[in-house]
Amino acid sequence: TVVARNTALEVFQQLLKVVGGGKVLDNLLVMLDNPNWYIREGIVKVAMQALLTRPIEELELPQLVVGLVHILHDKRPKVKFAVTEALAILHNRAGKEIDVLALVEGLDRSEDAEETMNDLKARFAMPASTLPSMNSNGHVVYTSTDSYAPPPTPAGSGGGGFNSFNDSTGSSHSGGGIKKSSDA
């Protein structure tokens, strides 16, 4: 249920504070092969929590990118969206310290690699104000604009959702009409 997932995310937020982001993510990233999409999405949300709240030096960035690229082409739109958002946060936080695009390009061997790179470049070009943030409960809050929003929640899985975004132009977005929304 949604309540159980939110509670689990809150527990991981506390673990991030107590034992550090690197140790928590090391143990979670190995579970990205889980057959349940909501588990994969939850792991990515914990990664976003770590990226948003922990010192960047505490995280094993190359290992994180490898894990995220592993599910970058997940068949579930919500998981793909979460991975893209996590990579966008990483790109923003790491700055010149790590070239996220180069790492993704070097690791992504899928048929859709070129399209994925174009999508990531477009997302990375969006203003930092459109990146996910954390609400007062420690949950990841996605930003929605007039042209960019999380995909809808699959039927029967609980929670509300938004319309999917698919920018085939590869252009950057102005960030007009920005709305924050928790997608728990």
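1. Re the packing of helix 3 (residues 37-53) against helix 5 (residues 77-94)
Following both chains from N to C, one finds helix 3 and helix 5 inclined at 15°, their axes separated by 9 Å at the closest point. The angle between helix 3 and helix 5 places the two elements in the roughly parallel class. Handedness of the helix 3/helix 5 crossing: left-handed. Taking contact as the criterion, the partners of W37, R40, E41, V44, M48, A50, L51 and L52 in helix 3 are, on helix 5, K78, V79, A82, V83, E85, A86, I89, L90 and R93. Looking at side-chain class alone, the contact of helix 3 with helix 5 contains twelve nonpolar, no polar and five charged residues.

2. A closer look at the packing of aromatic side chains
Counted according to the given criterion, the structure contains three aromatic pairs. Here the aromatic rings of W37 and Y38 are separated by 6.0 Å at their centres, their planes lie at 85°, and the arrangement is edge-to-face. With relative accessibility at 9%, the residue W37 sits in the buried group. Pairing F81 with Y148 gives two aromatic rings, centres 5.3 Å apart and planes at 35°, and the pair type is tilted. Taken as a pair, F81 in helix 5 and Y148 in the loop between strand 2 (140-144) and strand 3 (179-182) lie far apart in primary sequence, 67 residues in all. Its relative accessible area of 6% is what places Y148 among the buried residues. One aromatic cluster is present, built from ring pairs that chain together F81, Y142 and Y148.

The rules behind these values
Residues numbered from 1 in each chain as written. Predicted model: local features only at pLDDT ≥ 70, side-chain atom pairs only at ≥ 80, totals over all residues. Heavy atoms only, no water. Axes fitted to C-alpha atoms, helices over the stretch in contact; angles between N-to-C directions. Helix = DSSP H or I, 4+ residues; strand = E, 2+ residues; numbered from the N terminus. Parallel < 35°, antiparallel > 145°, perpendicular 65-115°, else oblique. Left-handed = near helix turned anticlockwise from the far one by under 90°. Contact = heavy atoms within 4.5 Å. Nonpolar A, V, L, I, M, F, W, Y, C, P; charged D, E, K, R; others polar. Phe/Tyr/Trp six-rings, centres within 6.5 Å; stacked < 30°, edge-to-face > 60°. Buried < 20%, exposed > 50% of the residue type's maximum accessible area, 1.4 Å probe, protein only.

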